[in-house]
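Spelled out, the chains give:
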Amino acid sequence: MNIAYILPSLANKGPVLVVRDLVREMKNRGHRCSVFYFDDKIEVAIDCPCRIVKFQKMDFSKYDIVHSHGLRPDLYVFLFKPRKSHTKFITTLHNYVYRDLWYQYNPAFSLIFGTLWAIALTRHDRVVALSDDAKRYYSRILFWKKLDFAYNTRSLPEDVSLTQEEQRVILDFKGNDCLIGVNALLTFRKGVDIVIRALPALPGYKLFIVGDGKEKGHLEKIAEDLNVRDRVYFAGYVKDAYRFIKYYDVYAMPSRSEGFGLSLIEAVIYKKPVVLSSIPIFRELFSSEEVSFFELSSIESFVEAVENVKKCAEKVDLAYNRFISTYSPEIFYKRYISIYER
């Protein structure tokens with residue numbers, strides 16, 4: 001099978017990492033893959049021919065599948081898909097479009113660009129969501145017969161570790177305390193403020209944050225106002241943030257909304273205790289026997305979840321077993337090849 005993937009760029013973002021994993025799994029099983037992108041920003045290496053297109057019309061006829069990821073790639077397909085073609089066009093939606101645009105921008109932006117995105121999807125043959133919950137969400141917006149879902153995966157290299165300086169920084173900051181880790185883009189949607197607000201009730205814990213974003217200044221102010229600034233470390237953007245996970249005692253993902261959560265899977269692969277916000281996507285991915293949940297409306301709930309997950313060592317093994325059975329690269333490949341073949 002000859003497959004073309006279309007991306008906004010090769011930036012170090014979730015959809016690009018998903019395509020990198022897709023290409024790896026497809027190539028390992030004999031399929032031919034190519035990647036096309038618009039912005040000349042290259043942070044992630046994908047092991048196949050990659051070419052910038054700059055919204056120039058490309059010849060789709062040589063491909064069995066064209067698989068787009070993101071608003072601009074979906075618009076590209078909307079504009080340039082031939083009226084008649086043997087090629088099948090698929091998109092994966094990595095978020096809850098209206099909800100996430102609302103969090104990231106504002107209600108008007110969400111309505112305008114969410115509707116534009118929904119229109120762009122009308123020319124695709126198949127629309128893939130990241131979960132059954134997301135599929136139900138989109139069934140209220142899109143033609144349901146086009147909808148399917150496929151869980152993401154992560155495949156982490158074994159030979160990648162922190163530099164000596166990075167290791168010194170995190171160990172010096174951690175000291176003898178328990179370390180809560182968060183790897184995330186710093187936006188309101190990611191809920192990192194919740195973890196900071198819980199620190200006064202968690203003596204003996206510190207918070208290590210890998211990531212950057214427009215909320216960083218606000219988060220720093222919250223930490224200062226609560227007198228916990230010395231217990232919060234902002235590492236900024238770091239490539240391959242998963243390298244820090246082995247040094248965390250607890251991994252927290254306090255998202256108010258999430259498409260899937262690749263860093264959650266990374267933490268499970270490293271067998272770290274995980275604390276998650278009790279939102280539908282996380283409730284679908286893991287059970288309370290495997291992770292600890294907290295209610296977004298309650299700081300006390302987060303504190304309790306952190307304290308409980310530290311006491312339940314068996315959770316990490318159960319969560320890892322769930323990864324193997326449901327989110328492994330093998331399962332990921334089988335799901336997508338099934339969609340492609342149908």
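Anything mentioned here points back to the structure above.
Residues numbered from 1 in each chain as written. Predicted model: local features only at pLDDT ≥ 70, side-chain atom pairs only at ≥ 80, totals over all residues. Heavy atoms only, no water.

With respect to the helices, strands and loops of the structure, Val-306 is situated in helix H11 (residues 299-311). Classification of Val-306 as buried rests on a relative accessible area of 0%. Placed 118 residues apart in sequence, Val-306 and Phe-188 show a C-alpha to C-alpha distance of 21 Å. (Helix = DSSP H or I, 4+ residues; strand = E, 2+ residues; numbered from the N terminus. Buried < 20%, exposed > 50% of the residue type's maximum accessible area, 1.4 Å probe, protein only.)

Next up on the list: the pairing of strand S5 (residues 88-92). Counting buried residues along S5, four of its five residues qualify, which places the element largely inside the surrounding structure. Relative to S5, strand S4 (residues 65-69) runs parallel, the two sharing five bridges. Bridge assignment links His-67 to a residue of S5, and that residue is Ile-90. Tracing the backbone out of S4, into helix H2 (residues 71-80) and back to the parallel element S5 gives a crossover that is right-handed. (Pairing = 2+ DSSP bridges. Right-handed = clockwise from strand over helix to strand, strands pointing away.)

Where helix H9 (residues 262-269) contacts helix H12 (residues 314-327), the axes come no closer than 8 Å and their chain directions differ by 120°. Overall, the two elements H9 and H12 adopt an arrangement that is oblique. At the point where H9 passes H12, the crossing takes the left-handed sense. Facing Ile-265, Val-268 and Ile-269 of H9, the residues of H12 in contact are Ala-319, Tyr-320, Phe-323 and Tyr-327. (Axes fitted to C-alpha atoms, helices over the stretch in contact; angles between N-to-C directions. Parallel < 35°, antiparallel > 145°, perpendicular 65-115°, else oblique. Left-handed = near helix turned anticlockwise from the far one by under 90°. Contact = heavy atoms within 4.5 Å.)

This part is about the environment of Ile-324. Its place among the elements puts Ile-324 in helix H12. Remark: the alpha-carbon pair of Ile-324 and Thr-153, spanning 171 residues in sequence, is separated by 9.9 Å.

Here the focus is H9. Most of H9 sits inside the fold, with seven of its eight residues counted as buried. Residues Leu-262, Ser-263, Leu-264, Ile-265, Glu-266, Ala-267 and Val-268 constitute the buried set of H9. Residues of H9 that are buried in the fold lie against helix H1 (14-28), strand S8 (178-183), strand S11 (250-253), strand S12 (274-277), helix H10 (280-285) and H12. At the C-terminal side of H9, Lys-271 shows a positive phi close to 55°.

In this section: the pattern of salt bridges. Under the defined criterion, the tally for this structure stands at 26 salt bridges. One salt bridge connects Asp-172 with Arg-168, and the closest N-O pair in it is separated by 3.1 Å. One end of the pair is Asp-172 and the other is Arg-168, both in helix H6 (residues 164-174) and four residues apart, which spans about a single turn. Look at Asp-172 and you get exposed, because its relative accessible area is 53%. (Salt bridge = Lys/Arg side-chain N within 4 Å of Asp/Glu carboxyl O.)

Looking now at the sheet that holds S11. An order of S10-S9-S8-S11-S12-S13 is seen for the six strands of this open sheet, with the pairing classed as parallel. The open sheet is flanked by strand S10 (232-236) and strand S13 (292-294), the only strands paired with a single partner. On average, each strand axis in the sheet is inclined to that of its neighbour by 25°, with strand direction left out of account. In this structure, S8 lies alongside S11, joined through two bridges in parallel fashion. If you follow Gly-181 over to S11, its bridge partner there is Tyr-251.

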